[in-house]
There are 2 protein chains.
Amino acid sequence: MRKERKSNVTIKDVALRAGVSTSTVGRVVGNYGYVSDETRKKVLKAMKEIGYYPNAIARSLKRRRTQTIAYLVPSITNPFFSQIATSIEDLASSHEYNLILCNAGTKADKLRKITNMLLENRVAGIIHSLPCTDALYNLVEVFQSAHIPIVSASGSRRFSEVDRVMADDIQGARDATRFLLELGHSRIALLAVKNSTTSKLRTKGYKEAFQQTGRKLHEELIVEGPDFSEDSGYTLMKVLLGRSKPPTAVVAFNDVMAVGAIRAIKEEELSIPEDISLIGFDDTIARLTQPPLSSVALPMGEIGRVAIRILLDRIEGKDTGEPKKVVLKEKLVVRDSTGQLGTGHG
Amino acid sequence: MRKERKSNVTIKDVALRAGVSTSTVGRVVGNYGYVSDETRKKVLKAMKEIGYYPNAIARSLKRRRTQTIAYLVPSITNPFFSQIATSIEDLASSHEYNLILCNAGTKADKLRKITNMLLENRVAGIIHSLPCTDALYNLVEVFQSAHIPIVSASGSRRFSEVDRVMADDIQGARDATRFLLELGHSRIALLAVKNSTTSKLRTKGYKEAFQQTGRKLHEELIVEGPDFSEDSGYTLMKVLLGRSKPPTAVVAFNDVMAVGAIRAIKEEELSIPEDISLIGFDDTIARLTQPPLSSVALPMGEIGRVAIRILLDRIEGKDTGEPKKVVLKEKLVVRDSTGQLGTGHG
DNA sequence: TTGTAAGCGTTATCAT
DNA sequence: ATGATAACGCTTACAA
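Residues numbered from 1 in each chain as written. Chains lettered and ligands numbered in written order. Predicted model: local features only at pLDDT ≥ 70, side-chain atom pairs only at ≥ 80, totals over all residues. Heavy atoms only, no water.

Got a minute to help me understand the interface of chain B and chain A in this structure?
In many analyses, interface size is given as the accessible surface area lost on bringing the parts together. Taken together, the contacts link 54 residues of chain B with 54 residues of chain A. Among the residues of chain B in contact with chain A, B:Ile57, B:Arg122 and B:Leu288 are the three that bury the most area, contributing 13% of the side total. For the pair chain B and chain A, the interface holds four salt bridges. The shortest N-O distance in the salt bridge between B:Glu96 and A:Lys113 comes to 3.4 Å. Secondary structure elements with two or more residues in the side of chain B that touches chain A: helix H4 (56-63), helix H5 (79-94), strand E2 (98-103), helix H6 (108-120), helix H7 (134-145) and helix H11 (255-267) of chain B. (Contact = heavy atoms within 4.5 Å. Buried area = accessible area lost by both parts, 1.4 Å probe. Salt bridge = Lys/Arg side-chain N within 4 Å of Asp/Glu carboxyl O. Helix = DSSP H or I, 4+ residues; strand = E, 2+ residues; numbered from the N terminus.)

In structure tokens, the structure reads:
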């Protein structure tokens, strides 16, 4: 015989069993107010015996607030987001909050639907990593007027009314470029991406590095592809290598593009880093390339942690100040794809 | 002046505004029962005007069930799980279910905590991809006795009381091995992993391929590492290459191990596939290796879809039959790391 | 076709 | 220190 645990054991049942009132049981369960040790023991015993566990739904209804927060991403498959998600989940969970993870995809309808669902489920707050779209505008407006706090974690930077935490794309690219400049390179190419805010900021950082060191910038070495794909990296690199004066170093705006670049470079029978130094961004698959790729690591974990801390402070009313903007440092991880200029036959 | 949307507009408010009863409003909101067109319009108008949206918490309390399901994984960072998660989320969302994603990690405490939280929040059902542990036993027991359906999506296979959907590891390895046999290879090495059910099953498939084709199996070419890491793949491959009779083809039990193997092979100045053919598993980063890796793709999307379908059928009582066990096919994706035996100098 | 009223399982206020 | 009771916002017989 299997022990059947009735799923609707209520406080009332416990009260009956323990021979006390529901409010006394409530005090024991919620651990507040005055309860004598003796009574507490009786209640605890009754709870065990009939297998009581609290009903969070009823509690939420009564308290008029949930312990649920949501994290919205374009795609959880992207390791960038899943790492942020992990750190959010971690802290949320240790503060007794549940995390609803929402894949908003790219369709406006989906995000609208999610917005409604979150509203109806009375989430206590949301964190998102979404790009700026009409549907996001709608979301922000709706949640703001419902007084539900929002934090952008490496999402759209455009809403000055919401708390934002993001990586310092300018600094990351500046550091990477500077590192190459210090290795003696000056013909440093940039594999950039059209219509990307991130790409624009990184390009800015690249330029700053040249300015700060007083070295000459070669504008023609900044090339733009349509997206952050491997093909994009491959094609751009091919173009650069076909020129009369190819670069001696390359910064690709993510690791996947860098993989494309590696393929192009090897096809031309050149070696990394002897002929060409290469740096990627994101530090995701960088350990696995051949040679292991130097890459600018983004502080995903930190982004998530800061975002959730801000959110919890907002939810619990500990922070009622102006919207924050937190910018976190990126960090170059040096591996084997970068070397001093002129060690090869280039 | 910002329009302030009061967050606690209730059915009662709408009823008052529209001059009807709460139950009439309820009928309009829930879209059931008889409501005259005229009344419906009045109610709809009132809803718009005062910005009403339903309270899912109250509804859940009343109906004694939620529209929430949970998906538990060891780590959402693993692309294997995040892809399953995506397909689950997709179908769940289109059936008006919310998905709570839980990172159970590896500590028993965390899973116990999640178990309780899920129970208290009255989730309608759960899907998991967790390995067999005491904490999972506890989870299964607790949910079973609360009559909350569970589906294992490529998780522990040990519970015959729960629905299980998984990939056919035996068939995947068999197909991969067979493919290599047909290319003329017979000295086919296996980079396996100790204490892994999956590894055991794949090894079985490997052996079946030899049996079915009547070719001679070289037991000594089956080597085991401690885990599925790149280092593991590298070290095992080094060992194999150091032998007097090295293999002409290799099956690595995931892509990351295959990357390690590639490194080892290149270090010995051998080429892929001319000297050695290589096949990975998972088809995650396989496109990005040099050369692009042939790899056995697991049906992650399909696993998620089947799992959520089964779960929804259970939740909605459409399926009250015996626990199901669904096994889905793996599929070899051929790229450039595999070739006919003897095209190189080996 | 519409309205009344009794819960769902908690929490919180007020007595006792 | 404990108990009675009224909400929380919705659904749903049942009555009208």
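Having seen it, we continue.
What's the story with the sheet that holds strand E7 (residues 222-225) of chain A in this structure? I'm lost.
Hydrogen bonding along the main chain pairs the strands of a sheet, whether they run parallel or antiparallel. Residue and element names in this part refer to chain A. Across the sheet, which stays open at both edges, the six strands sit in the order E7-E6-E8-E9-E10-E12 with mixed pairing between neighbours. Either end of the sheet is taken by a strand with one partner, and the two such strands are E7 and strand E12 (331-333). When strand polarity is set aside, the average angle formed by the axes of neighbouring strands in this sheet is 20°. Note: strand E8 (residues 249-252) against strand E9 (residues 277-282), three bridges, orientation parallel. Among the inter-strand pairings, Val250 is bridged to a residue of E9, identified as Leu278. Strands strand E6 (188-193), E7 and E9 of the sheet are contacted by helix H9 (residues 197-213), whose axis makes an angle of about 165° with E6. (Pairing = 2+ DSSP bridges. Axes fitted to C-alpha atoms, helices over the stretch in contact; angles between N-to-C directions.)

What should I look at first to understand the protein's contact with DNA strand C in this one?
Around DNA strand C lies a shell of 24 residues, among which B:Ser23, B:Thr24, B:Arg27, B:Thr39 and B:Lys62 are the nearest. Of what DNA strand C places within 4 Å of the protein, 61% of the atoms are sugar or phosphate. At 2.8 Å, a backbone N or O of B:Ser21 approaches a phosphate oxygen of DNA strand C. Note that a phosphate oxygen of DNA strand C is positioned 2.2 Å from one of the side-chain N or O atoms of B:Thr39. Looking at the surface near DNA strand C, the elements with two or more residues in it are helix H4 (56-63) of chain A together with helix H2 (22-30) and H4 of chain B. When its residues are assigned to classes, the surface near DNA strand C shows eight nonpolar, ten polar and six charged. (Near = heavy atom within 4 Å. Polar contact = N/O pair within 3.5 Å; in protein donor to acceptor, adjacent residues only side chain to side chain. Nonpolar A, V, L, I, M, F, W, Y, C, P; charged D, E, K, R; others polar.)

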